[in-house]
Amino acid sequence: MRKLLKLLLALLVAGVLTVAFRFLVISIYLVDGNGLEPEFQEGDRVLVNRWSYGLRTGGSGLFSYGRLCRKAVTRGDLVAYENPLSGKHGEVLFGRVCALPGDTVKFRGRTLLAPSLADCADADCYWIKALNDHNPVDSRQLGFVSEQFIIGRVFCVAYSLDPDQPFFSSLRRNRLFVKK
């Protein structure tokens, strides 16, 4: 009986540590559809470093938004962020940071030319561009994205499964741990 309790306690601790690691350090997201091509393919499992800009705290309920061990988001970073217009929690988008707080952006048609026109005066807002110009959701529709919606920096594709193949032959070996 004592051995069983020790085993159950060890499994419980392992489970709690795994969940804490998943929610505090690294998250994995499934790429569903082809809106992120060519950077990502449908079936990719993308790893996001939740600590890359500091640990997000609060933002809803009793506590205000903040970051522990805050680090700056830099231009060109590939980030995962929550859709600020979405009422449902958990809709995650991917994009590249094109403009930082204080920058201005200028467009000609659908192409971002350079920081220069639409102001981002807030200290914590970013212009995030979709990875694929045909992807309909990025800062062109959302406007500047507040830092509180940025989950973290995308750092690699952990693995990829081809949705058109049977499960046991669907692993794309050329997509294992592809750095971004």
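What counts, and at which threshold
Residues numbered from 1 in each chain as written. Predicted model: local features only at pLDDT ≥ 70, side-chain atom pairs only at ≥ 80, totals over all residues. Heavy atoms only, no water. Helix = DSSP H or I, 4+ residues; strand = E, 2+ residues; numbered from the N terminus. Buried < 20%, exposed > 50% of the residue type's maximum accessible area, 1.4 Å probe, protein only. Contact = heavy atoms within 4.5 Å. Areas by Shrake-Rupley, 256 points an atom, 1.4 Å probe, with all protein chains shown as cover. Patch = residues over 30% accessible without salt bridge, like charges linked within 9 Å, V, L, I, M, F, W, Y side chains within 5 Å. Salt bridge = Lys/Arg side-chain N within 4 Å of Asp/Glu carboxyl O. pLDDT = per-residue confidence, 0-100. Pairing = 2+ DSSP bridges.

With that settled, consider the overall build of the protein chain. Along the protein chain, the regular secondary structure elements total two helices and twelve strands. Along the protein chain, helices (α) and strands (β) appear in the sequence α-β-β-β-β-β-β-β-β-β-α-β-β-β when read from the amino end. Expressed as a percentage of its 180 residues, the buried residues of the protein chain come to 36%. Partitioning the intrachain contacts of the protein chain with sequence separation of at least 6 by distance along the chain shows that 50% fall at a separation of at least 24. Surface accessibility of the protein chain: about 10900 Å² in total, with carbon and sulfur atoms responsible for 60%.

Together, M1, L4, L5, L7, L8 and L11 give the surface a local cluster of nonpolar side chains, amounting to about 660 Å² of exposed area. With respect to the helices and strands, the residue L7 is situated in helix 1 (residues 2-24). For L7, a relative accessible area of 48% puts it in the partly exposed group.

With that settled, the discussion passes to the confidence of the model for the protein chain. Regions with low pLDDT should not have their predicted coordinates read in detail. Confidence in the prediction of the protein chain, expressed as mean pLDDT, is 78, and 78% of residues score 70 or more. Confidence scores differ between elements of the protein chain, with strand 8 (residues 111-119) showing the lowest mean pLDDT of 52 and strand 2 (residues 44-49) the highest of 90.

Taking burial as the measure, the five residues of strand 5 (residues 78-82) include five buried ones, the bulk of the element. The alternating pattern of strand 5 places L78, A80 and E82 on one face and V79 and Y81 on the opposite face, and all of these are buried. Pairing of strand 5 with strand 6 (residues 92-99), which is carried by five bridges, proceeds in the antiparallel orientation. Across the sheet, the residue bridging to E82 is V92, located in strand 6. In this structure, strand 5 lies alongside strand 11 (residues 150-160), joined through three bridges in antiparallel fashion. Considered in strand 11, the bridge of A80 is made with G152.

Looking now at the pattern of salt bridges. Side-chain pairs of opposite charge can arise where the charged atoms are in close proximity. Under the defined criterion, the tally for this structure stands at four salt bridges. Salt-bridge contacts for R172 lead to D44; the nearest nitrogen and oxygen are separated by 3.9 Å. One end of the pair, R172, is in the loop between strand 11 and strand 12 (178-179); the other, D44, is in strand 2, and 128 residues separate them in sequence. With respect to class, R172 is no different from D44; both count as buried.

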